[in-house]
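Tertiary structure, described
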Amino acid sequence: LAVCEQRGVAPAVLGRDDATAAELADALHFAETPKDSAMFESSVANVILVDSSTAVDAMRREAVTRGYTVRELGTQVCGEARTLGARLARDELCRGVAAIGGGETTVTVTGNGQGGRNQEVALGALADGVEFACAGCVASLGTDGADNGPNAGALVDERTPRTGVDDALAANDSATLLASLAVDRGVECRLVSGKTGTNVADVFLALGKK
């Protein structure tokens, strides 16, 4: 309350601007997560405005508009990030097909590098022994616009240089390698959107050249 007074902010309780000091003090001690759900059941309704399917559906519509056949991977894609990347390149790529999915992968941390799971998905498509099923690209990005840093994710194709990929994966240092590709080789794979103001998990794409 003292902070509110200092900053000239008028605190309120349940939308009221006439709450007494005692009521305001009680509100400050209200449980963060109320345990007695019965008191809310009759007056609270939860409405889902957007979720992963919203983003995936938008991708599907755009792919169809551009003349691609869509293969849906679902909205609960999970597993090791680099393994998903290999799968997208090796098993999901098909000429004229857009394989689209949403979800969240995980990263087994073995190093202390920079970058997030979406960039690891992209590098996983370039790992040693992974061959692209056809000409095309693999992309992974976070819908919030940040993948443990300023990059939302990354996009790679069969022409992307593979030097240093396995070392970067071992060190969980995807962002450093991707930055090096851009600066030293003139190959820009990073996807940068800026903060989007929302977050409905990650989205994945394997797009086969038509």
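Residues numbered from 1 in each chain as written. Predicted model: local features only at pLDDT ≥ 70, side-chain atom pairs only at ≥ 80, totals over all residues. Heavy atoms only, no water.

Some points on the sheet that holds strand 2 (residues 97-103)
Worth spelling out the cut-off: Strand pairing is assigned whenever DSSP detects at least two bridges linking the two strands. To qualify as a helix, a DSSP run of H or I must reach at least 4 residues; to qualify as a strand, a run of E must reach at least 2; elements of each kind are numbered from the N terminus. Any two residues whose heavy atoms approach within 4.5 Å at even a single point are treated as in contact. Where helices are involved, their axes are fitted lines through C-alpha atoms of the stretch in contact, as for all axes, and angles between N-to-C directions lie from 0 to 180°.
Pairing is mixed in the open sheet, where six strands are placed in the order 1-2-6-3-4-5. Only two strands of the sheet have a single neighbouring strand rather than two, namely strand 1 (69-77) and strand 5 (190-191). Here two bridges tie strand 4 (residues 153-157) to strand 5, and the two strands are oriented antiparallel to one another. Paired with alanine 154 across the strands is arginine 190, a residue of strand 5. Here helix 4 (residues 52-65) sits on the sheet and contacts strand 1, strand 2 and strand 6 (202-208); the angle it forms with strand 2, its principal contact strand, is near 170 degrees. Sheet strands in contact with helix 6 (residues 117-124) are strand 3 (136-142), strand 4 and strand 6, and its direction is about 10 degrees off that of strand 4.

Here we look at the state of the cysteines
Note the cut-off: Disulfides are defined in this document as cysteine sulfur pairs within 2.5 Å.
Summed over the entire model, instances satisfying the criterion amount to zero disulfides. Cysteine 134 supplies the cysteine sulfur nearest to cysteine 137, a cysteine that is in no disulfide, at a spacing of 9.9 Å.

Topic: the packing of helix 6 against helix 8 (residues 174-184)
So the rule is basically this: When the near helix sits turned anticlockwise from the far one by under a right angle, the crossing is termed left-handed; a clockwise turn instead gives a right-handed crossing.
As a packed pair, helix 6 and helix 8 sit with axes 9 Å apart at the nearest point and diverge in direction by 65 degrees. The two elements helix 6 and helix 8 meet at a crossing, and its hand is left-handed. Residues Gln119, Glu120 and Leu123 of helix 6 touch helix 8, and the partners they reach there are Ser174, Ala175, Leu177 and Leu178.

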